[in-house]
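Structure assessment
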Amino acid sequence: MPATDDLDTQKRAYATWAKFYDNVYQHMLARPQREAVAAACACGRDILEIGVGTGLTLPYFTPGSNVFGADLSFDMLKVAHRKVAAQQLTHVRGLMVMDACRLGFGPERFDAVTAQFVITLVPNPEQALAEMDRVLKPGGEIIVSSRLIDDGGLLAPLWTALAPLMRRIGWSTDFKVSRLTGWAAATGRYETVHVGRGYFKVVRLRKRASAAPARSDPLD
């Protein structure tokens, strides 16, 4: 997927990607996507997936779920809508165009929020995480799957050096796990309960049951 800080440029790129995205990524991303979905379903029925795209993950959710999907690209969502209709995915309650940094949901609406292969592409990841926090119920989880590098890993300097080149073809190689776990620790409201291994990782951040409601409101 295209990695650019310009949202209009992203939308144009997604319009092109929508035509063949599934063919490129369906099998490549299936393992971490299934793992993230299983973790989300274990948290409760009401789930938001940010960056739902063409809906690759939607068939993985349990039938009893109430799944909402948000994505920046209308063209990607058109593919997802066709998938929902063709496969009769009745657990999908809504698919909508939405900016990850400005979610149109009320506070503490969801039991889990997933962000699959999108956090490294968002212009302001911390703002997106803050929005996930706002709409997440206490005790719920933010579940991120993406290409993330380990801090201090042997290959970390190589991935950092390759980052400018790889961004041109739509990959992020220098987004560190600590950017997520550090955000969680800084809030004082989250604990990191899982950091996966391998090329694609799943990171789970659990909101403390005693966490006070987030004060930010993107609709003000």
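Note that the structure is predicted; figures quoted are calculated from it, not measured. (Residues numbered from 1 in each chain as written. Predicted model: local features only at pLDDT ≥ 70, side-chain atom pairs only at ≥ 80, totals over all residues. Heavy atoms only, no water.)

Here we take up the overall build of the protein. Within the protein, the secondary structure is distributed over 7 helices and 7 strands. The secondary structure elements of the protein, listed N-terminal to C-terminal, are α-α-α-β-β-α-β-β-α-β-α-α-β-β. Buried positions account for 52% of the 220 residues belonging to the protein. Sequence-distant contacts, at least 24 apart, represent 71% of the contacts inside the protein between residues at least 6 apart. Within the structure as shown, the protein displays about 10100 Å² of accessible surface, and the carbon and sulfur contribution to it stands at 54%. (Helix = DSSP H or I, 4+ residues; strand = E, 2+ residues; numbered from the N terminus. Buried < 20%, exposed > 50% of the residue type's maximum accessible area, 1.4 Å probe, protein only. Contact = heavy atoms within 4.5 Å. Areas by Shrake-Rupley, 256 points an atom, 1.4 Å probe, with all protein chains shown as cover.)

Here the protein averages 84 in pLDDT, and 74% of its residues register 70 or above. Across residues 1–5, confidence stays below pLDDT 50; counting only partners more than four residues off in sequence or on other chains, it has 23 contacts. (pLDDT = per-residue confidence, 0-100.)

Turning our attention to the sheet that holds strand β5 (residues 136–146). With respect to topology, 7 strands assemble into an open sheet ordered β3-β2-β1-β4-β5-β7-β6, the strand pairing being mixed. Of all the strands in the sheet, the pair left with one neighbour each is β3 (92–97) and β6 (190–195). Strand-to-strand twist across the sheet, computed as the mean angle between neighbouring axes with direction ignored, equals 15°. Across 6 bridges, strand β4 (residues 110–116) lies against β5 in parallel orientation. Bridge pairing in β5 links F110 to L136. Sheet contacts for helix α3 (residues 30–43): β1 (46–50), β4, β5, β6 and β7 (201–207); angle to β4, the most-contacted strand, approximately 170°. Set on the sheet, helix α7 (residues 177–187) makes contact with β5, β6 and β7; between it and β6 the angle comes to about 155°. (Pairing = 2+ DSSP bridges. Axes fitted to C-alpha atoms, helices over the stretch in contact; angles between N-to-C directions.)

Moving on to the packing of aromatic side chains. Across all of its chains, the model carries 6 aromatic pairs by this definition. The interplanar angle of 70° and the centroid separation of 6.2 Å between the aromatic rings of F68 and F105 together place this pair among those described as edge-to-face. Taken together, the residues F68 in strand β2 (residues 66–71) and F105 in the loop between β3 and β4 connect sequence positions 37 residues apart. Each member of the pair, F68 as well as F105, carries the same accessibility label: buried. Taken together, a centroid distance of 4.9 Å and an interplanar angle of 70° make the contact between Y199 and F200 edge-to-face. Taking the relative accessible area as the measure of exposure, F200 reaches 10% and is therefore buried. An aromatic cluster is defined as three or more aromatic residues linked by ring pairs; in this entry it consists of F68, F105 and F110. Geometry around F110 places R109 over its ring, the cationic atom sitting 4.9 Å from the centre. Over the face of the ring belonging to Y199 we find R147, whose NZ or CZ atom lies 4.3 Å from the ring centre. (Phe/Tyr/Trp six-rings, centres within 6.5 Å; stacked < 30°, edge-to-face > 60°. Lys NZ or Arg CZ within 6 Å of the ring centre and 35° of its normal.)

Attention now goes to unusual backbone geometry. Positive phi values are uncommon outside glycine, yet E108 reaches one of about 50°. Relative to the helices and strands, E108 is located in the loop between β3 and β4. Look at F117: it is not a glycine, yet its phi comes out positive at around 55°.

Attention now goes to the state of the cysteines. Under the counting rule described, the total for this entry stands at 0 disulfides. C43 supplies the cysteine sulfur nearest to C41, a cysteine that is in no disulfide, at a spacing of 8.9 Å. The class for C41 is buried, based on a relative accessible area of 18%. (Disulfide = S-S within 2.5 Å.)

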